[in-house]
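Residue-level structural notes
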Amino acid sequence: MARKRETSPEEIVQAAIRCFAKKGYHATKTADIAKKAGVSEGTLYNYFKDKSALFVAVIEHINSVIDDEFFFDINEEEIIEHYINDVAKLEEFAQRNKAYVEIVSRDLRHRDVSDICADFFDRHECRKKEDMALLAKACGFDPTEEEVEAMATCFNGGIERIITRWCVGGTKGRVKPSPASFINGFISILKRAGRGSNK
């Protein structure tokens, strides 16, 4: 008799993504995820201690996919072109990964859900601030720590607003600003700040 193949943690994460995207974090039960993955709840708990741990794994997976798509080791000379090219690709990425967009734009707006991922966000924010500081310097602007914090907040908020509007019915060509115009405007502001600080 052939031995039944064991389900991997990654397969459970993929099942969780489909469930969270369809029903949301609060309405999804671990039983729903186990059924979607084709395993018992006991097997699910062998890999993840509870639903919140599984949700963190989902967010880590989504971030890994985003990193593979958009982020890589770049130097100061390349970072402006990198941001212009990659942010302009956001809409196409969102269309290919609607489940990810649903989870990020809907579930993470709930304070109790976002608190689950606090450690992840702390790591992510640290990296984003480093990117923002590098981008500013490439634009001729040497920001203070407070300015880097403000830049990261504005950038993340702008991207989140664009993606959220797609989720609530925005269609191509109608959501303003477009990702391309947003990043070009953002970089233009940094360059103006650079010219002003060098006077």
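Predicted model, so just to flag it, every value in this text is computed and none were measured.

**Some details on the nonpolar core**
Grouped together as the largest cluster of nonpolar side chains are 28 residues, with contacts concentrated most on Phe 20, Ile 33, Leu 54, Phe 55, Val 58, Ile 59 and Ile 103. Counting only elements with at least two residues in this core, the list comes to α1 (9-23), α2 (30-37), α4 (51-70) and α7 (98-106). A total of eight residues in this core trace back to one element, the largest contributor, which is α1. Once you skip the residues sitting within four places of it in the chain, Phe 55 turns out to touch Phe 20, Tyr 25, Ile 103, Asp 107, Leu 108, Val 113 and Cys 117. Counting 25 residues, the second-largest nonpolar core is a separate cluster that includes Cys 139, Val 148, Phe 186 and Ile 187.

**Topic: α1**
Taking 1.5 Å of rise per residue, the 15 residues of α1 would be expected to cover 21 Å, and the 21 Å separating its terminal C-alpha atoms lies within 8% of that figure. Considered for burial, the residues of α1 that qualify are Ile 12, Val 13, Ala 15, Ala 16, Ile 17, Cys 19, Phe 20 and Ala 21.

**Observations concerning the side chain of Thr 30**
Following the sequence through the fold, Thr 30 ends up in helix α2. Separated by 3.0 Å, the side chains of Thr 30 and Tyr 45 make a polar contact. Sequence-distant contacts of Thr 30, defined by excluding residues within four places in its chain, comprise Glu 41, Leu 44, Tyr 45 and Lys 51.

Criteria and cut-off values
- Residues numbered from 1 in each chain as written.
- Predicted model: local features only at pLDDT ≥ 70, side-chain atom pairs only at ≥ 80, totals over all residues.
- Heavy atoms only, no water.
- Core = buried A, V, L, I, M, F, W, Y, C linked by side-chain atoms within 4.5 Å.
- Buried < 20%, exposed > 50% of the residue type's maximum accessible area, 1.4 Å probe, protein only.
- Helix = DSSP H or I, 4+ residues; strand = E, 2+ residues; numbered from the N terminus.
- Contact = heavy atoms within 4.5 Å.
- Expected span 1.5 Å × (residues − 1).
- Polar contact = N/O pair within 3.5 Å; in protein donor to acceptor, adjacent residues only side chain to side chain.

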